[in-house]
Amino acid sequence: MQTALQFGPILIHLDLLLRGLTKSIQLAALSILFGTAIGILGAVGRSFGPRFLSWPIAWYVELIRNTPLLIQLYFVFFSLPLFGFKLSSNTAAAVALSIHLGAYATEILRAGIESIPEGQIEAAKSLGLSRYRIIRHVILVPAARAVYPSLSAQFILQIMGTSIVGAIAAEELTAVANNLVMQTFRSFEVYIIIAVIYFVLVQAASLLFAGFGKLIFRWKQ
Amino acid sequence: MSLRDFGPNELMFLLLATRWTILLALIAFAGGGLIGLLVAAIRVAPARPLRWLAAGYIQFFMGTPILIQLFMAYYGSSFLGYRPDPWVAAAVTFSLNGGAFFGEIFRGAIEAIPKGQWEAATALGFRFTRTLRLVIIPQAVRLMLPPTVGFMVQIVKTTSIASLIGLTELARAATQVNTVTFQPVMVFGTVSLIYFALCWPLSLYAGYLERRFATGMTRKVEAPLVMSAV
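Residues numbered from 1 in each chain as written. Chains lettered and ligands numbered in written order. Predicted model: local features only at pLDDT ≥ 70, side-chain atom pairs only at ≥ 80, totals over all residues.

### Looking at the overall build of chain A
Phase 1 of the analysis: Looking only at helices and strands, chain A features nine helices and zero strands.
Phase 2 of the analysis: When its helices and strands are written in sequence order, chain A yields α-α-α-α-α-α-α-α-α.
Phase 3 of the analysis: Its C-alpha atoms put chain A at 80 × 45 × 25 Å along the principal axes.
Phase 4 of the analysis: Contacts in chain A between residues far apart in sequence, at least 24 positions, make up 77% of those at least 6 positions apart. (Helix = DSSP H or I, 4+ residues; strand = E, 2+ residues; numbered from the N terminus. Contact = placed C-beta atoms within 7 Å.)

Structure, rendered in C-alpha cells:
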C-alpha cells in the first residue's frame, strides 16, 4: 500500500496548519485594508488632485499591474534593508501585498469615479454642495458601490496571492505546507489538504464580501 | 562584499532567461486557449451533467491559488510514480488553470450573443456544435478578444511562480543573480523592466481593443475577474 493516500500523518499537525491559516488571513486582511486605503487615495488623487500627482499615480498603477507580484515581493524584501528599513519577512510580505493591491484598487475605483454621470455632479453643484461633499457623497460612495463586485473579486485574488509569500520565508499557510512536506514526505497529500483549506477560505470570503456589500450599500438600490 | 557586480554578463543572463518565460507563456496561452474553448462549449452545452462537470473544473482552478495547483502537479507526479519535471508540471498547470479562466471569458462572450441566433440556427436544422462553430463563435470572437489579450498579461506574470518549483526562467534567474551580486535594486529593477516590456504592450493592446469594440456592442463582456493573483 505504498501508493495509497495517507492524510493521517499530516492531520496530526493540525495546530501548525491552523497557525499558518491564521497568518494567511492576517496578511490578507492587513493588505486588503492598506491596499484599499492606497486605492482610495490613489483614485481621488488621480481624478481630483493636481496634475503633478496624477502622473506618478498613473505610473505606479501601470508598473505594478504589469510586473509579477513575486518580483515585487523580492524587491521589497531584498531592497528595503539596504535603505535602512529592517523588515521581518512577514512585514515585507504585508508591505508588498499592500502596494500590489493598492494599484489594482486605484484602477478599479478610478473606473467607478469615471462612471458617475456628469449630470449628477452638476446637479450637486447647483444644489450648492461643497466640493468635499460632492466628492464624498455624490462621487465616491456611488462609485464604490458600482465597482464593489470588481473590488471584492480583487480581494479574493489577494487572498490567493498571499500563497506566494512563502517564497521569502514568511510563515503563512503555504510555507507551513512546505515545512510539513519536509517532515512527513507526503507532499501530494499535504497540498491536497492545503488546496481544500484555501478553497473553503475563498468560498467563505466570497460570502463574507457579498454580505458586507449588502450591509454597507443597503440604503439605496 | 558581493562576489561580483551587476554587469553586461548578468544582464545577458537575465535576457536569456526571458526566453523561457516567453516560451512558458506561449505554452500556457496555447494550451489554456484550447482547453478554454472546450470548457466554454461544455458550459453552454445542452447536457446538464457535463455543464456541472465544467463548472466544478472552473470552481477548482479559480478557487484555489495557482501556486498550490503547481505544487500538486509537481509533487503529485512523483506520487503517481513519475519523475517530477518542472517544465511538465508548469506546462500542465498553466494550461489547465488558463483553461478555466479562458473558459469563463469565452462563455461570457458566447452568452452575450442573442438567443435568437441560436433559435434561427435550430430552425435551419443546425445541431449544437455546428451552431456554435458556424454561427455563435464567429460573432463572439470580437467580444472575447479584449479580455483574452488582457489575460495574456496575466499569463506572462504568472509564469514567474514556476521559479518556485525550480524552473529557471526570468524570476529564478533574478534570484540567482541577486545571490551573487547582492544588488537587489539593480537586479529586481531590471527584471521588473523586462516583465514590464513584455506585459505593457499587451495591456495597451487590450485597452485599445476594448475601446474599439465597445462601440455598437450590445453588452460588455468583462473578464471574469480583474485578475492579479500573482
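Once the structure has been displayed, the description carries forward.
### What to know about the overall build of chain B
Phase 1 of the analysis: The helix and strand tally for chain B stands at eight helices and zero strands.
Phase 2 of the analysis: Secondary structure elements of chain B, listed N to C terminal, follow the sequence α-α-α-α-α-α-α-α.
Phase 3 of the analysis: The principal-axis extents of the C-alpha atoms in chain B amount to approximately 75 × 45 × 25 Å.
Phase 4 of the analysis: Within chain B, the proportion of its 230 residues that are buried is 47%.
Phase 5 of the analysis: Summarising the internal contacts of chain B: among those between residues at least 6 apart in sequence, 79% fall at separations of at least 24. (Buried ≥ 20, exposed ≤ 12 C-beta atoms within 10 Å, placed from the backbone.)

### Structural notes on the packing of helix 4 (residues 86–111) of chain B against helix 6 (residues 128–158) of chain B
All names here are of chain B.
Phase 1 of the analysis: Taken N-terminus to C-terminus, the directions of helix 4 and helix 6 make an angle of 145°; their axes are 8 Å apart at the nearest point. When the axes of helix 4 and helix 6 are compared, the crossing they make is right-handed. Contacts from F94, G98, F101, F102, I105, F106, A109 and I110 of helix 4 reach helix 6 at I136, A140, L143, M144, P147, T148, F151, I155 and T158.
Phase 2 of the analysis: The residue makeup of the contact of helix 4 with helix 6, split by class, is 14 nonpolar, three polar and no charged. (Axes fitted to C-alpha atoms, helices over the stretch in contact; angles between N-to-C directions. Left-handed = near helix turned anticlockwise from the far one by under 90°. Nonpolar A, V, L, I, M, F, W, Y, C, P; charged D, E, K, R; others polar.)

### Notes on the UniProt feature "domain: ABC transmembrane type-1" (unreviewed entry) in chain A
Phase 1 of the analysis: According to UniProt, the "domain: ABC transmembrane type-1" (unreviewed entry) feature falls on residues 21–209 of chain A.
Phase 2 of the analysis: With 82% helix and 0% strand, residues 21–209 of chain A has its two end C-alpha atoms placed 19 Å apart. (UniProt positions renumbered as here; feature names shortened; annotations may be inferred.)

### Things to note about the UniProt feature "transmembrane region" (unreviewed entry) in chain A
All names here are of chain A.
Phase 1 of the analysis: According to UniProt, the "transmembrane region" (unreviewed entry) feature falls on residues 27–49, 69–87, 146–170 and 190–217.
Phase 2 of the analysis: Span residues 27–49 is 96% helix and 0% strand, its end C-alpha atoms 30 Å apart.
Phase 3 of the analysis: Between the C-alpha atoms that bound residues 146–170 the distance is 35 Å, and the span itself is 64% helix and 0% strand.

### Examining the interface of chain A and chain B
Phase 1 of the analysis: Contacts between the two partners involve 37 residues from chain A, matched on the other side by 35 residues from chain B.
Phase 2 of the analysis: Sorting the residues of the side of chain A that touches chain B by element identifies helix 3 (51–65), helix 4 (69–79), helix 5 (89–114), helix 7 (131–161) and helix 9 (187–216) of chain A as the ones contributing at least two each.
Phase 3 of the analysis: For the side of chain A that touches chain B, the element with the most residues is helix 9 of chain A, which contributes 10 residues.
Phase 4 of the analysis: For the side of chain A that touches chain B, the per-class residue count stands at 24 nonpolar, 11 polar and two charged.

### A few points about the packing of helix 2 (residues 14–48) of chain A against helix 7 of chain A
Residues and elements named next belong to chain A.
Phase 1 of the analysis: One can describe the packing of helix 2 onto helix 7 by two numbers: an axis separation of 11 Å at closest approach and a directional angle of 140°. By the angle between their axes, helix 2 is oblique relative to helix 7. Seen along the crossing, helix 2 lies across helix 7 with a hand that is right-handed. Only I135, F155, Q158 and I159 of helix 7 make contact with helix 2, whose side of the interface consists of A28, S31, I32, G35 and F48.
Phase 2 of the analysis: A class-by-class count of the residues in the contact of helix 2 with helix 7 yields six nonpolar, three polar and no charged. (Parallel < 35°, antiparallel > 145°, perpendicular 65-115°, else oblique.)

### Describing the UniProt feature "domain: ABC transmembrane type-1" (unreviewed entry) in chain B
Phase 1 of the analysis: When the UniProt feature table is mapped onto this chain numbering, "domain: ABC transmembrane type-1" (unreviewed entry) sits at residues 18–206 of chain B.
Phase 2 of the analysis: Counted over residues 18–206 of chain B, helix gives 83% and strand 0%. Its end C-alpha atoms are 22 Å apart.

### What about the environment of G211(A)?
Phase 1 of the analysis: Position of G211(A) among the secondary structure elements: in helix 9.
Phase 2 of the analysis: C-alpha separation for the pair G211(A) and I108(A), spaced 103 residues apart in sequence, amounts to 20 Å.

### Some details on the environment of P184(B)
Phase 1 of the analysis: Within the secondary structure, P184(B) is located in helix 8 (residues 184–214).
Phase 2 of the analysis: For P184(B), a count of 22 C-beta atoms within 10 Å translates into the label buried.
Phase 3 of the analysis: Measuring from C-alpha to C-alpha, the distance between P184(B) and A174(B) comes to 9.0 Å, with 10 residues separating the pair along the chain.
Phase 4 of the analysis: Aside from chain neighbours lying at most four places away, what touches P184(B) is F75(A), F78(A), S79(A), L82(A) and N178(B).

### Quick look at the nonpolar core
Phase 1 of the analysis: Core analysis: the largest hydrophobic core is formed by 126 residues, its most contacted members being L73(A), L70(B) and A174(B).
Phase 2 of the analysis: Per element, the largest residue contribution to this core is 14 residues, and it comes from helix 5 of chain A.
Phase 3 of the analysis: Contact partners of A174(B), with chain neighbours within four places excluded, come to I71(A), Y74(A), L14(B), V187(B), F188(B) and V191(B). (Core = buried A, V, L, I, M, F, W, Y, C linked by C-beta atoms within 7 Å.)

### Considerations on unusual backbone geometry
Phase 1 of the analysis: For F182(B), which is not glycine, the phi dihedral falls at a positive 45°.
Phase 2 of the analysis: Along the chain, the position of F182(B) falls in the loop between helix 7 (170–181) and helix 8.

### Comments concerning the UniProt feature "transmembrane region" (unreviewed entry) in chain B
Residue and element names in this part refer to chain B.
Phase 1 of the analysis: UniProt marks residues 20–42, 54–75, 87–106, 143–165 and 185–209 with the feature "transmembrane region" (unreviewed entry), using the numbering shown here.
Phase 2 of the analysis: What you have in residues 20–42 is 100% helix and 0% strand, and the ends, taken at the C-alpha atoms, are 32 Å apart.
Phase 3 of the analysis: Helix and strand shares over residues 143–165 are 70% and 0% respectively, and the end C-alpha atoms of the span are 36 Å apart.

### Re the confidence of the model for chain B
Do not read the fine detail of predicted coordinates wherever pLDDT is low.
Residue and element names in this part refer to chain B.
Phase 1 of the analysis: For chain B, per-residue confidence averages 89 on the pLDDT scale, and residues scoring 70 or more make up 92% of the total.
Phase 2 of the analysis: Looking at the elements of chain B, mean pLDDT is at its lowest for helix 3 (residues 66–79), recorded as 89, and at its highest for helix 1 (residues 8–43), recorded as 95.
Phase 3 of the analysis: The low-confidence segment residues 221–229, where pLDDT is below 50, has 34 contacts with residues more than four positions distant or belonging to other chains. (pLDDT = per-residue confidence, 0-100.)

### Some details on the environment of V147(A)
Residue and element names in this part refer to chain A.
Phase 1 of the analysis: The topology assignment puts V147 in helix 7.
Phase 2 of the analysis: Judged by C-beta crowding, with 22 C-beta atoms within 10 Å, V147 ranks as buried.
Phase 3 of the analysis: The sequence separation of V147 and F85 amounts to 62 residues, and the corresponding C-alpha distance is 35 Å.
Phase 4 of the analysis: Aside from chain neighbours lying at most four places away, what touches V147 is I108, L109, A111 and G112.

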